[in-house]
Amino acid sequence: MNLKEIYTAKKEPVISYEVFPPKDDTDGEKLETLFEELNKLLCYKPSLISVTYGAGGSNRNESVEIIRRIKKELNVTPMPHFTCVSTSTKNISEYLKTIESFDVKNILALRGDLPKDGNVCHDFKHADELVDYIKANTNLSVAVAGYPEGHKECESFEKDLNYLKQKVEKGAEVIFSQMFFNNEHYFSFVEKCAKLGITQPVIPGILPVSNYKQLFKMADMCRVEIPAKLKETLERHKDDSDYTKKYGIEYASHQCSELLQNKVRGLHFYTLNKSYAVGQILKNIL
Ligand code: FAD
């Protein structure tokens, strides 16, 4: 199914997961563990599983293999992420042909983070150009990233929104959001998108907190707020990893319930390749 069909066919909210190709997996053991974890989450009937892509193509082969197995073994629609930074048009064209040869229907089109060594290939500067290229050269249905608290590089929130609008005007059909821990940011973002005429579904990205240090690192990297209550609770229990995981599930369940009450079209879980927290949250809210 393509993205449009997925987000219009179902009356219920669409459940989707994000996974990443395991690192340092020479014997393939971590990949098997990933599929065991995904199998545990199949009972919540995901409509889509997305697979991240290392900017510059560092894990391209692993990413393609996971996509192939999601489709064949799990019978779930896969959505590869793809970044255009530091990649030539020729490379992009080859990749798109490869995934279409596996009958992949969807793609999340991204620019990717700029490499620290400044080694940027200038064929594509921003994700909107990639959306344009994909729409002109393939039959893929395209999703893009959106940032409820603004992208970390953006000069102003308004400019960032206008760039999002460009991505949509060039053919993006669904927007997947950056993680957030304060639903107000998401609600306000959706409202501002609607005012600009962006009518495509904005799917909230949910990260269940499971590790104190990791959360602060990721939030800092992506420039997202950690609300005071979440911060204080995690700081108070920072040496108790079981409590952190339990509280993370409780917190995300509450976030998801409120989002569902506000009629979101779907929930996209950043699984970090683990099933337990996401499974517990879905058990709590569905
Ligand atoms: P863009 O839309 O190009 O935006 C990047 C910045 O440029 C923004 O500040 C924007 O305001 C500005 N901008 C946009 N268009 C223009 C324009 N035409 N002219 C001038 N300025 C412009 N990274 C990975 O490496 N691999 C992944 O698999 C991955 N998956 C992700 C999934 C989701 C749901 C999200 C939210 C992010 C993901 N990222 C991933 C991170 C993403 O690559 C980074 O946030 C990256 O810095 C921006 O990518 P983008 O597609 O949003 O870029």
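Check the entry above for the structure.
A short tour of the structure in this document, coming up. If you're wondering where the values come from, they're calculated on a predicted model, not measured in any experiment. Throughout, a residue's number is its position along its own chain's written sequence, starting from 1. Thresholds applied to this predicted model are a pLDDT of at least 70 for local features of residues and 80 or more for the giving and counting of side-chain atom pairs; totals over whole chains, interfaces and linings are not thresholded and use all residues. Note that the side-chain values use all heavy atoms of the structure and ignore hydrogens as well as water.

Quick look at the overall build of the protein chain
Stage number 1. Counting its secondary structure elements, the protein chain contains eleven helices and eight strands.
Stage number 2. We take the radius of gyration over the C-alpha atoms and set the globule estimate at 2.2 Å times the residue count to the 0.38 power. A compact globule built from 286 residues would reach a C-alpha radius of gyration of about 19 Å, and the protein chain, at 18 Å, matches this within 12%.
Stage number 3. C-alpha extents for the protein chain along the principal axes are approximately 50 × 45 × 45 Å.
Stage number 4. The cut-offs for exposure are 20% and 50% of the maximum accessible area for each residue type, with area from a 1.4 Å probe on protein chains only; residues under the lower value are buried, those over the upper are exposed, and the others partly exposed. Residue burial in the protein chain is summarised as follows: out of 286 residues, 52% are buried. Helical segments are the DSSP runs of H or I of at least four residues, strand segments are the runs of E of at least two, and each set is numbered from the N terminus.

Some words on the packing of aromatic side chains
Stage number 1. Only the six-membered ring of Trp is used, alongside the rings of Phe and Tyr, when aromatic pairs are assigned; centres must lie within 6.5 Å, and planes under 30 degrees apart are stacked while those over 60 apart are edge-to-face, with the rest tilted. Tallied over the entire structure, the rule returns eleven aromatic pairs.
Stage number 2. Seen in terms of ring centroids, Y7 and F176 are 6.4 Å apart; in terms of plane orientation they differ by 70°. Their pairing is edge-to-face. Of this pair, Y7 sits in helix α1 (residues 3-9) while F176 sits in strand β6 (residues 172-179), placing them 169 residues apart in sequence. With respect to burial, Y7 and F176 carry one shared label: buried.
Stage number 3. When the centroid spacing of 5.5 Å and the interplanar angle of 85° are considered together, the rings of F124 and Y133 count as edge-to-face.
Stage number 4. Counted as over-ring charges are cases with an Arg CZ or a Lys NZ within 6 Å of the ring centre that also lie within 35 degrees of the ring normal. Positioned over the ring face of F35 is R69, at 4.2 Å from the centre of the ring.

Details of the layout of surface pockets
Stage number 1. Buriedness of a pocket was judged along seven lines, with at least five required to meet protein on both sides within 12 Å; pockets are open sets of points on a 1 Å grid over the protein atoms alone, cavities are sets where a 1.4 Å probe fits but cannot get out, and lining residues have an atom within 4 Å of a point. Grid points are joined across faces, edges and corners, and a volume is the space filled by probe spheres set on the points. In this structure, the second largest pocket occupies an estimated 310 Å³ of space.
Stage number 2. In this structure, the second largest pocket is lined by 17 residues; those nearest its centre are S210, T271, L272, K274 and A277.
Stage number 3. Of all the secondary-structure elements, those providing two or more residues to the lining of the second largest pocket are α10 (241-261) and α11 (276-285).
Stage number 4. A breakdown of the residues in the lining of the second largest pocket according to their chemical character gives nine nonpolar, five polar and three charged. Note on residue categories: nonpolar means Ala, Val, Leu, Ile, Met, Phe, Trp, Tyr, Cys or Pro, charged means Asp, Glu, Lys or Arg, and polar means any other residue, Gly included.

Examining the pairing of strand β3 (residues 77-83)
Stage number 1. Counted residue by residue, β3 has seven buried out of seven residues, so it is predominantly covered.
Stage number 2. Side chains T77, M79, H81 and T83 of β3 all project onto a buried face; the interleaved residues P78, P80 and F82 project onto the opposite face, where all are buried too.
Stage number 3. Paired strands, in this sense, are two strands between which DSSP finds at least two bridges. Direction of pairing for strand β2 (residues 48-51) relative to β3: parallel, over a ladder of four bridges. Paired with V51 across the strands is P80, a residue of β3.
Stage number 4. Whether a crossover is right-handed depends on one test, that the path from the first strand over the helix to the second runs clockwise when the strands point away from the viewer. Between the parallel elements β2 and β3, the chain passes through helix α3 (residues 60-73) in a crossover that is right-handed.
Stage number 5. Bridge count for β3 against strand β4 (residues 106-110) is three bridges, and the pairing is parallel.

Quick look at the sheet that holds strand β7 (residues 202-206)
Stage number 1. Taken in spatial order, the eight strands close into a barrel running β1-β2-β3-β4-β5-β6-β7-β8, and their pairing is parallel. Put simply, the sheet's adjacent strands are angled 25° from each other on average, direction ignored.
Stage number 2. Any two residues whose heavy atoms approach within 4.5 Å at even a single point are treated as in contact. Here, axes are lines fitted to C-alpha atoms. For helices the fit covers the stretch in contact, and angles between N-to-C directions go from 0 to 180 degrees. Running over the sheet, helix α4 (residues 89-101) touches β3 and β4 and is turned about 175° from β3.

Thoughts on the nonpolar core
Stage number 1. To define a nonpolar core, start from buried Ala, Val, Leu, Ile, Met, Phe, Trp, Tyr and Cys residues and group those joined through side-chain atoms within 4.5 Å. Y17, Y95, L96, I107, L267 and F269 are the most contacted members of the largest nonpolar core, which totals 61 residues.
Stage number 2. Here this core takes five residues from α11, the largest share from any one element.
Stage number 3. Ignoring anything within four residues of it in the chain, the contact list for Y95 reads Y53, R60, S63, V64, I67, P80, H81, F82 and I107.
Stage number 4. Grouped together as the second largest cluster of nonpolar side chains are 15 residues, F181, V209, Y247 and Y251 included.

Observations regarding empty space enclosed by the protein
Stage number 1. If you walk through the whole model with that rule in mind, you get one cavity of 30 Å³ or more.
Stage number 2. Space inside the largest cavity adds up to approximately 30 Å³.

Some thoughts on the site of the ligand
Stage number 1. Proximity is defined per residue: any heavy atom of the residue falling within 4 Å of a molecule or strand makes that residue near it. In the vicinity of the ligand, 25 residues are found, and the nearest of them are Y53, D113, Y147, D160 and K167.
Stage number 2. Two N or O atoms form a polar contact when they lie within 3.5 Å of each other; inside protein one atom must be a possible hydrogen donor and the other a possible acceptor, and for residues adjacent in sequence the pair counts only when both atoms belong to side chains. Within the contact set of the ligand, an oxygen atom lies 2.8 Å away from a side-chain nitrogen or oxygen of H151.
Stage number 3. At a separation of 2.7 Å, an oxygen atom of the ligand approaches a polar side-chain atom of K167.
Stage number 4. Alone, the ligand offers 980 Å² of accessible surface; in the complex the protein occludes 86% of this.
Stage number 5. For the shell around the ligand, the secondary-structure elements that each account for two or more residues are β3, β4, α5 (127-137), α6 (157-169) and β6.
Stage number 6. Considering each element in turn, the shell around the ligand owes the most residues, four residues, to α6.
Stage number 7. For the shell around the ligand, the class distribution of residues is eleven nonpolar, eight polar and six charged. Residue burial considers only the protein chains on display, and all accessible areas are found by Shrake-Rupley using a 1.4 Å probe.

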